[in-house]
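Structural overview
If you want the building blocks of each chain, they are given just below.
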Amino acid sequence: MKKKLPALLLALSLTLLTACGMRQPVESDADLGAFYTDVLEKHELPELMTLEQESIEMLYPGLLDLELEQCLVSTAAISSAAGELALAEVKDSKDADAVKEIFQARIDYQTGDGETPGGAFYPETTRQWEENSRIATKGNYIMLVVAGDPDSIESDFNSLFA
């Protein structure tokens, strides 16, 4: 009985933490590089270029300051096209919200504030960023996509964890 009591208390504590809103980590070994390749093969996106560290730091300030297991960011090769795919896996689930905020800041910057143009600059690319950007999260995995059919790509992302 003495050996079972600590295990019972641990199970009860975890149940109470979960009930209080603690996010359960998603158990997955999702390969974001393979997912990226799959997206490019299955979906129509403009020509994308993979960003190096310096460009990631410029477009996604703070992202590389977090402890990441995986990170891949690609953006449209020309400014008149709207297309972007940013994928990250954080080591600590507490950082998932920070990545979502960084991704949302990217969307907000691209779309502008209604009085001044955003980074997307061109009316059509701004519209694409406003209407066709999605942020999806599954545990420690976060995705930002801007594409003609973002819901389909989001569905594929969610399928990684089914």
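To start, this report covers the structure provided alongside it.

Conventions and cut-offs
- Residues numbered from 1 in each chain as written.
- Predicted model: local features only at pLDDT ≥ 70, side-chain atom pairs only at ≥ 80, totals over all residues.
- Heavy atoms only, no water.
- Core = buried A, V, L, I, M, F, W, Y, C linked by side-chain atoms within 4.5 Å.
- Buried < 20%, exposed > 50% of the residue type's maximum accessible area, 1.4 Å probe, protein only.
- Helix = DSSP H or I, 4+ residues; strand = E, 2+ residues; numbered from the N terminus.
- Polar contact = N/O pair within 3.5 Å; in protein donor to acceptor, adjacent residues only side chain to side chain.
- Salt bridge = Lys/Arg side-chain N within 4 Å of Asp/Glu carboxyl O.
- Axes fitted to C-alpha atoms, helices over the stretch in contact; angles between N-to-C directions.
- Parallel < 35°, antiparallel > 145°, perpendicular 65-115°, else oblique.
- Left-handed = near helix turned anticlockwise from the far one by under 90°.
- Contact = heavy atoms within 4.5 Å.
- Pairing = 2+ DSSP bridges.

1. Considering the nonpolar core
Membership of the largest hydrophobic core comes to 21 residues, with the highest contact counts inside it found for Y60, L63, V73, V99 and F103. Listing elements by their share of this core, those giving two or more residues are β2 (68–76), β3 (84–90), α4 (96–111) and β5 (141–146). Sorting elements by how many residues they give to this core places α4 first, with 5 residues. In terms of nonpolar packing, the next biggest core, distinct from the first, is built from 18 residues, A30, L48, L87 and F157 among them.

2. Digging into the environment of T125
Tracing the backbone through its elements, the reader meets T125 in helix α5 (residues 123–131). Spatially, the C-alpha atom of T125 lies 6.1 Å from that of A81, the residues being 44 residues apart in sequence. A polar contact is formed between the side chain of T125 and the backbone oxygen of Y122, at a distance of 3.0 Å.

3. A few points about the pattern of salt bridges
A side chain of one charge can pair with a side chain of the opposite charge if their charged atoms are brought near each other. Following the criterion strictly, the structure yields 8 salt bridges and no others. Among the ionic pairs, K91 bridges to E67, the shortest N-O distance being 3.9 Å. Of the two residues, K91 is situated in the loop between β3 and α4 and E67 in the loop between α3 (53–59) and β2; the sequence distance between them amounts to 24 residues. The exposure class of E67 is exposed, given its relative accessible area of 51%.

4. With respect to the packing of α4 against α5
Contact pair α4 / α5: the axes reach a minimum separation of 9 Å and the direction vectors enclose 150°. Compared by their axis directions, α4 and α5 come out roughly antiparallel. For the pair α4 and α5, the sense of crossing is left-handed. Residues R106, I107, Q110 and T111 of α4 form the contact with α5, whose participating residues are T126, W129 and E130.

5. Focus: the sheet that holds β3
With antiparallel pairing, the 5 strands of this open sheet are ordered in space as β1-β2-β3-β5-β4. This sheet does not close on itself; its edge strands, each paired only once, are β1 (48–50) and β4 (133–138). Here the strands of the sheet are splayed against their neighbours by 15° on average, with no regard to which way each runs. With 3 bridges connecting them, β1 and β2 associate as antiparallel partners. Within the sheet, the bridge partner assigned to M49 lies in β2 and is T75.

6. Digging into the pairing of β4
The side chains of a regular strand alternate between the sheet's two faces. Strand direction decides the pairing type here: β4 and β5, joined by 6 bridges, are antiparallel. Counterpart to R134 in the pairing with β5 is V145. Here β4 hands over to β5 after 2 residues, with G139 in that stretch at a positive phi of 60°.

7. Some remarks on the pairing of β3
Among the 7 residues that make up β3, 7 are buried, leaving the element largely enclosed by the rest of the structure. Pairing of β2 with β3, which is carried by 7 bridges, proceeds in the antiparallel orientation. Residue V73 lies in a different strand from β3, and its bridge partner there is A86. By the bridge criterion, 6 bridges tie β3 to β5 in an arrangement that is antiparallel. Within β5, the position partnered with E84 by the bridge is V146.

8. Some remarks on the environment of D31
Structurally, D31 can be placed in the loop between α1 (4–19) and α2 (32–42). When its relative accessible area of 45% is taken as the criterion, D31 is described as partly exposed. When the C-alpha positions of D31 and Q70 are compared, they lie 8.3 Å apart, and in sequence the two are 39 residues distant. Polar contacts involving the side chain of D31 include one to the main-chain amide nitrogen of G33, which spans 3.0 Å. A distance of 3.1 Å separates the side chain of D31 from the backbone nitrogen of A34, its partner in a polar contact.

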